Amino acid sequence: MSTPERYDRKVKSDINFSGTGDNTVISAPGDGKHVEIDFCFLMVSLATTVQLKDGSTNWGGAFPLGDKGSLLVENTSGFHAPIILSNNSSFIINQSGTSQISGWTMHRIQGE
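Reference entry: report on the structure contained in this document. (Residues numbered from 1 in each chain as written. Predicted model: local features only at pLDDT ≥ 70, side-chain atom pairs only at ≥ 80, totals over all residues. Heavy atoms only, no water.)

**Things to note about the overall build of the protein**
Now for step 1: Counting secondary structure elements, the protein contains 0 helices and 11 strands.
Now for step 2: Order of helices (α) and strands (β) in the protein, N terminus to C terminus: β-β-β-β-β-β-β-β-β-β-β.
Now for step 3: What you see for the protein is a C-alpha radius of gyration of 13 Å, in line with the 13 Å of a compact globule of 112 residues.
Now for step 4: Its C-alpha atoms give the protein principal-axis dimensions of about 40 × 25 × 25 Å.
Now for step 5: Counting the 112 residues in the protein, one finds 42% classified as buried.
Now for step 6: The contacts of the protein with a sequence gap of at least 6 include a subset with a gap of at least 24, amounting to 78%.
Now for step 7: Here the protein displays about 5900 Å² of accessible surface, and carbon together with sulfur accounts for 51% of that area.
Now for step 8: Each charge sign in the protein was given a centre, from 8 positive and 11 negative side chains, and these centres are 2 Å apart. (Helix = DSSP H or I, 4+ residues; strand = E, 2+ residues; numbered from the N terminus. Rg over C-alpha atoms; globule rule 2.2 N^0.38 Å. Buried < 20%, exposed > 50% of the residue type's maximum accessible area, 1.4 Å probe, protein only. Contact = heavy atoms within 4.5 Å. Areas by Shrake-Rupley, 256 points an atom, 1.4 Å probe, with all protein chains shown as cover. Lys, Arg positive; Asp, Glu negative; His and termini not counted. Charge placed at Lys NZ, Arg CZ, Asp CG, Glu CD.)

**Observations regarding the nonpolar core**
Now for step 1: By size, the foremost hydrophobic cluster in this structure holds 20 residues, and its most contacted members are Ile-15, Val-25, Ile-37, Leu-42, Phe-91, Ile-93 and Ile-101.
Now for step 2: Setting aside its immediate chain neighbours within four residues, Ile-101 contacts Ile-15, Asn-16, Phe-17, Leu-42, Met-43, Val-44, Thr-48, Val-50 and Gln-95. (Core = buried A, V, L, I, M, F, W, Y, C linked by side-chain atoms within 4.5 Å.)

**A word on the side chain of Ser-90**
Now for step 1: One can find Ser-90 in the loop between strand E9 (83-84) and strand E10 (91-95).
Now for step 2: Here Ala-28 takes part through its backbone nitrogen, which lies 3.1 Å from a polar atom of the side chain of Ser-90.
Now for step 3: When near neighbours in sequence (up to four residues on either side) are disregarded, Ser-90 contacts Thr-24, Ile-26, Ser-27, Ala-28, Lys-53, Asp-54, Gly-55 and Leu-85. (Polar contact = N/O pair within 3.5 Å; in protein donor to acceptor, adjacent residues only side chain to side chain.)

**Considerations on the pattern of salt bridges**
Now for step 1: For the coordinates displayed, the defined rule picks out 5 salt bridges.
Now for step 2: A salt bridge links Asp-38 to Lys-10; its shortest N-O distance comes to 4.0 Å. Of this pair, Asp-38 sits in strand E4 (residues 34-44) while Lys-10 sits in strand E2 (residues 10-17); the two residues are 28 residues apart in sequence, bridging distant segments of the chain.
Now for step 3: Note on Asp-38: relative accessible area 5%, which makes it buried.
Now for step 4: A salt bridge links Asp-38 to Arg-108; the shortest N-O distance between them is 2.7 Å. Highlighted residues: Asp-38 in strand E4 and Arg-108 in strand E11 (residues 101-110), separated in sequence by 70 residues.
Now for step 5: Taken together, the shared-partner salt bridges in this structure form one network comprising Lys-10, Glu-36, Asp-38 and Arg-108. (Salt bridge = Lys/Arg side-chain N within 4 Å of Asp/Glu carboxyl O.)

**Quick look at unusual backbone geometry**
Keep in mind that most residues, glycine aside, have a negative phi and that most peptide bonds are trans.
Now for step 1: In the Ramachandran plot, Lys-68 falls in the positive-phi region, its phi being about 55 degrees despite a non-glycine side chain.
Now for step 2: Structurally, Lys-68 can be placed in the loop between strand E7 (63-65) and strand E8 (70-74).
Now for step 3: Of note in the backbone geometry, Asn-88 takes a positive phi value of approximately 55 degrees without being a glycine.
Now for step 4: The topology assignment puts Asn-88 in the loop between E9 and E10.
Now for step 5: On the basis of relative accessible area, Asn-88 is assigned to the partly exposed category, the value being 33%.

Dropping the structure here:
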């Protein structure tokens, strides 16, 4: 995981892995804090299935993506983040294959 960059109160974190299983994209922020993700874009090099996770809990269903497939989650309202994690939970992307997965997130830590 790369070092996050701060933009106002939002933090950018890169998505860059090729490992099977759970891959932590945003670390747990600490007790009494939670992560709100306003933007998440990822692209896969080969066909794979990805599962977004709120800590150990699946966030919705799994997404099967084809070669050079992509996934975009964006806050179009400007008010409520489309992904709000539980207290002190990491944002994890689980993949079934060994595809290179690249992208980035913009998120906020609430409660700090």
